[in-house]
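# Working through the structure, step by step
Now for the letters of each chain:
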Amino acid sequence: MKEPDATLSTALAKLREQHVRITPQRKLILDYLMNHENHPPVEEIYKELAPKMSTLSLATVYNTLNLFVELGIVIEIPNENGGVRYDFFGRPHYHAICENCGKVTDIYDPNLPQISSMLENTAQKQSGYDFDACHIELYGLCPECQAKGITVAS
């Protein structure tokens, strides 16, 4: 499972706390995101899950993901071609993103809450914004692209 300390039942309980009806489609999509680290776009989620549930539509996948993003249990990650990928955010983490192939890797750091708080405080002082979330992305080259001799443009 992708998130060792976040179970499907815990995530579903969070949805129930927000008075969200647990449909078979929502449960299937949430389970998929929790168990895959590929940060898929909506079309890939649909393609993977449609054979498992004949009542699943692309519109349902879009609507479900939008709901999960609104509730803060899933985040959107912009991808290299202007689209969006989705990631279950049951345990805070940041992302390492390959500038060549677009691979996204989850990075778990026990210091992330303190780092996020520090960044939000600094940003609030400079901008006057009130923040409710912080998503960190680091860009570079993944090990596979490095092994191919690809270098980061300076």
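Just so you know, the residues in each chain are numbered from 1, in the order the chain's sequence is written. Reporting of local features is limited, given that this is a predicted model, to residues whose pLDDT is at least 70; pairs of side-chain atoms are given and counted only at 80 or more, and all residues count toward the totals for whole chains, interfaces and linings. Only hydrogens and water are removed before side-chain values are computed, so all heavy atoms of the structure are retained for them.

Side chains on a regular strand alternate between the two faces of the sheet. For the exposure calls, accessible area comes from a 1.4 Å probe over protein chains only, and a residue counts as buried if that area is under 20% of its type's maximum, exposed if over 50%, partly exposed in between. Helix numbering and strand numbering both begin at the N terminus, where a helix is a DSSP run of H or I of at least 4 residues and a strand a DSSP run of E of at least 2. Side chains Val104 and Asp106 of strand 4 (residues 104-107) all project onto a buried face; the interleaved residues Thr105 and Ile107 project onto a face where none is buried. At least two DSSP bridges between two strands are needed for those strands to be called paired. Pairing analysis gives 4 bridges linking strand 3 (residues 94-98) to strand 4, with the strands arranged antiparallel. If you follow alanine 96 over to strand 4, its bridge partner there is threonine 105. Hairpin connection of strand 3 to strand 4: 5 residues between the antiparallel strands, including glycine 102 at a positive phi of 85°.

Before going further, it helps to spend a moment on the UniProt feature "binding site: Zn(2+)" (unreviewed entry) in the chain. UniProt positions are given in the numbering used here, feature names are shortened, and annotations may be inferred rather than shown by experiment. UniProt feature "binding site: Zn(2+)" (unreviewed entry): in the numbering of this structure it lies at Cys98, Cys101, Cys142 and Cys145. The annotated residues occupy 48 residues of the chain but converge on a single region, no pair of C-alpha atoms lying more than 8.2 Å apart. Two residues form a contact once any of their heavy atoms are found within 4.5 Å. Setting aside anything within four residues of it in sequence, one finds cysteine 98 in contact with Lys103, Gly140, Leu141, Cys142 and Cys145. Structurally, the position occupied by cysteine 142 is in the loop between strand 5 (137-140) and helix 6 (143-147). A relative accessible area of 8% means that cysteine 142 is categorised as buried. Non-local contacts of cysteine 142, meaning those with residues more than four positions away in its chain, are made with Cys98, Cys101 and Lys103.

It is worth spelling out the nonpolar core at this point. By nonpolar core we mean a set of buried residues, namely Ala, Val, Leu, Ile, Met, Phe, Trp, Tyr and Cys, connected to one another through side-chain atoms within 4.5 Å. Residues Ile29, Leu30, Leu33, Ile45 and Leu65 are the most contacted members of the largest nonpolar core, which totals 24 residues. Of all the elements in the fold, those that place two or more residues in this core are helix 1 (8-17), helix 2 (24-34), helix 3 (42-49), helix 4 (58-71) and strand 2 (84-88). It is helix 2 that contributes the most residues to this core, 6 residues altogether. Beyond its immediate sequence surroundings of up to four residues, isoleucine 45 is in contact with Ile29, Tyr32, Leu33, Pro40, Val61 and Leu65. In this structure, Ile75, Phe89, Ile97 and Val104 belong to the second largest nonpolar core, which totals 5 residues.

Quick look at the pattern of salt bridges now. If charged atoms from side chains of opposite charge come close, those side chains can pair. The working definition used for a salt bridge is a side-chain nitrogen of Lys or Arg within 4 Å of a carboxyl oxygen of Asp or Glu. Applying the stated criterion across every chain, the model contains 1 salt bridge. Ionic pairing is found between lysine 103 and glutamate 144, a salt bridge with its closest N-O pair at 3.3 Å. You can see lysine 103 sitting in the loop between strand 3 and strand 4 and its partner glutamate 144 sitting in helix 6, a full 41 residues away along the chain. The partly exposed category is assigned to lysine 103, whose relative accessible area is 35%. For glutamate 144, a relative accessible area of 42% gives the class partly exposed.

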